[in-house]
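# Structure at a glance
One letter stands for each residue in the lines below.
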Amino acid sequence: MSTTNGATKNRSAVEEYLASGDRDPLFLAGAALDVLKGFPAACIDFCMTSPPYWGQRAYSGGGIGLEPNWRDYVRNLLAVFAQVRRVLKPTGSFWLNIGDAYDKKCLLGLPWRVALALTDEQGWVLRNDVVWNKVKGGPDNATDKLRNIHEYVFHFTKAGKGYFYDADAIRKKPGEARVVQGAVVSATGVSGVRYRRQIELSTSLEPAEKEAAYKALDGILEEVRAGRLADFRMIIRGQQRATHSDSEAVSGRARELKERGFYFLKYHPNGAKPADVWDILPEDTQKRKLHFAAYPEDLCRIPIAATCPEGGVVLDPFCGTATTNLVAFRLGRRSVGVDVSDEYLRIARERCRLLL
């Protein structure tokens, strides 16, 4: 691990690091915009960062977040993220956690101002807006508004297709099917008995459709028994509504329900993907005394596991005390951290030294 100053030295350090295969994080000191300008183009697999809040905290080293108005803050962030786009590979992803702020009693909506500017002005594709529910927030003495206990985590890509995404790496392991009194029962207790009864009593299905429905249900239950399917739901005409829409003009499911009389919703055998609301406590488990952002390790795990290939290079242009870099190392990724504060980088090196 090393900290280097100067644009030329930074570029040299990055090029040497990328060529070396070294798994130890590389740390570079300086303003994010200046340092990133020295990076080669399309050299990074993944970027995740949590930039300083605007007007709320005094970070060691100053820099972004201390602007006199929020418009300058947004403008400065956009300049940095334009460089992130330049250094990111076409297959790469950019995850942005950003907090909001008030100005003259008005919630500014900074996360969405930045997100929409990135899509409208720089051409980023917004794939997800994750709500980070902090479960419990800090003290809030205001008597005229609710407590704020969430932040956004945005997932951007450079294009709508072709980016790296390993959904299986983040799936939640499903429960297992079992056999009860000779009948197969899915992970959530579906045995097919209720569906058989609905088919039998249906006044919406023709005899041929009922026969086809029984046969298809037997086939699905056999898939569950064989372990090729973790779970399922059966949608039957006249019993359940089509998912998403009843309009055949906009919903293929609605058309299938009309033409066939039934269809199945199949659960992935490797489990479900995480949803877009994450309950993660923000506590500072490292008990750091100088860095006050409550950016937890758990916030980084899903993004890195899903959208950075094993052995890939992770970038955090506002790395602070290296939470992103720490998680990247634990997940088998290399990383580069940039920060304007020498003191934060000293802590970052120490945290990673203890890990390595």
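Look up: the structure comes first, before these words.
Residues numbered from 1 in each chain as written. Predicted model: local features only at pLDDT ≥ 70, side-chain atom pairs only at ≥ 80, totals over all residues. Heavy atoms only, no water.

### Notes on the overall build of the protein
For the protein, the helix and strand inventory stands at ten helices and 15 strands. Each of the 356 residues in the protein was classed as buried or not, and the buried ones make up 45%. Put simply, 70% of the contacts in the protein that link residues at least 6 apart link residues at least 24 apart. Summing over all exposed atoms, the protein offers an accessible surface of approximately 17900 Å²; the carbon and sulfur share of this is 51%. (Helix = DSSP H or I, 4+ residues; strand = E, 2+ residues; numbered from the N terminus. Buried < 20%, exposed > 50% of the residue type's maximum accessible area, 1.4 Å probe, protein only. Contact = heavy atoms within 4.5 Å. Areas by Shrake-Rupley, 256 points an atom, 1.4 Å probe, with all protein chains shown as cover.)

### Digging into the side chain of Thr 324
Assignment of secondary structure puts Thr 324 in helix H9 (residues 323-330). In this structure, Thr 324 is in contact with Met 48, Tyr 295, Cys 300, Ile 304, Val 314 and Asp 316, ignoring residues within four places of it in sequence.

### Some details on the nonpolar core
Counting residues in hydrophobic clusters, the biggest one holds 42 residues, and the most contacted among them are Leu 28, Phe 39, Phe 81, Phe 94, Leu 118 and Leu 315. Counting residues per element, this core draws most heavily on helix H3 (residues 70-87), at nine residues. (Core = buried A, V, L, I, M, F, W, Y, C linked by side-chain atoms within 4.5 Å.)

### Comments concerning the pattern of salt bridges
Under the criterion given, the structure shown has 20 salt bridges. With its nearest N and O atoms 2.9 Å apart, the salt bridge here joins Glu 209 to Arg 237. Remark: Arg 237 occurs in the loop between strand E11 (232-236) and helix H7 (252-260) and Glu 209 occurs in helix H6 (residues 207-225); sequence separation between them is 28 residues. Taking the relative accessible area as the measure of exposure, Glu 209 reaches 16% and is therefore buried. The residue Asp 298 makes a salt bridge to Arg 301 at a minimum N-O spacing of 1.8 Å. Of this pair, Asp 298 and Arg 301 both sit in helix H8 (residues 298-307), separated by three residues, roughly a single helical turn. Linked by salt bridges that have partners in common, Glu 297, Asp 298, Arg 301, Arg 330 and Arg 351 make up one network. (Salt bridge = Lys/Arg side-chain N within 4 Å of Asp/Glu carboxyl O.)

### A closer look at the pairing of strand E7 (residues 125-133)
Bridge count for E7 against strand E8 (residues 150-157) is eight bridges, and the pairing is antiparallel. Residue pairing in the sheet places Val 131 in a bridge with Tyr 152 of E8. (Pairing = 2+ DSSP bridges.)

### Some words on H3
An ideal rise of 1.5 Å per residue puts 26 Å on 18 residues; H3 measures up with 26 Å between its terminal C-alpha atoms. Along H3, the positions that sit buried rather than exposed are Trp 70, Tyr 73, Val 74, Leu 77, Leu 78, Val 80, Phe 81, Gln 83, Val 84 and Val 87. With a side-chain oxygen positioned 3.0 Å from the backbone nitrogen of Arg 71, the residue opening H3 is Asn 69. (Expected span 1.5 Å × (residues − 1). Polar contact = N/O pair within 3.5 Å; in protein donor to acceptor, adjacent residues only side chain to side chain.)

### Some points on the packing of helix H5 (residues 193-201) against H6
Two numbers describe how H5 lies on H6: the axes approach to 10 Å, and their chain directions differ by 175°. By the angle between their directions, the pair H5 and H6 is classed as roughly antiparallel. Between H5 and H6, the residues in contact are Tyr 195, Arg 196, Ile 199 and Glu 200 and Lys 210, Ala 213, Tyr 214, Leu 217, Asp 218 and Leu 221, respectively. Of the residues assigned to the contact of H5 with H6, the class counts are six nonpolar, no polar and four charged. (Axes fitted to C-alpha atoms, helices over the stretch in contact; angles between N-to-C directions. Parallel < 35°, antiparallel > 145°, perpendicular 65-115°, else oblique. Nonpolar A, V, L, I, M, F, W, Y, C, P; charged D, E, K, R; others polar.)

### Looking at the environment of Gln 239
Relative to the helices and strands, Gln 239 resides in the loop between E11 and H7. The exposure class of Gln 239 is partly exposed, given its relative accessible area of 37%. Along the primary structure Gln 239 and Ser 202 are separated by 37 residues, whereas in three dimensions their C-alpha atoms are 7.8 Å apart. In contact with Gln 239, not counting residues within four places along its chain, are Gln 198 and Ser 202.

### Some points on the packing of aromatic side chains
In this structure the tally under the stated criterion is 13 aromatic pairs. Ring geometry for Phe 94 and Trp 124: centres 5.2 Å apart, planes at 50°, overall tilted. One end of the pair, Phe 94, is in strand E4 (residues 88-98); the other, Trp 124, is in the loop between helix H4 (110-122) and E7, and 30 residues separate them in sequence. Trp 124 matches Phe 94 in its accessibility class, with the two residues each being buried. Taken together, Phe 81, Phe 94, Trp 112, Trp 124, Tyr 152, Phe 154 and Phe 156 form an aromatic cluster joined through their ring pairs. Between Arg 85 and the ring centre of Trp 124, over which it is positioned, the NZ or CZ distance is 5.3 Å. Against the face of Trp 132 rests Lys 134, its NZ or CZ located 5.2 Å from the ring centre. (Phe/Tyr/Trp six-rings, centres within 6.5 Å; stacked < 30°, edge-to-face > 60°. Lys NZ or Arg CZ within 6 Å of the ring centre and 35° of its normal.)

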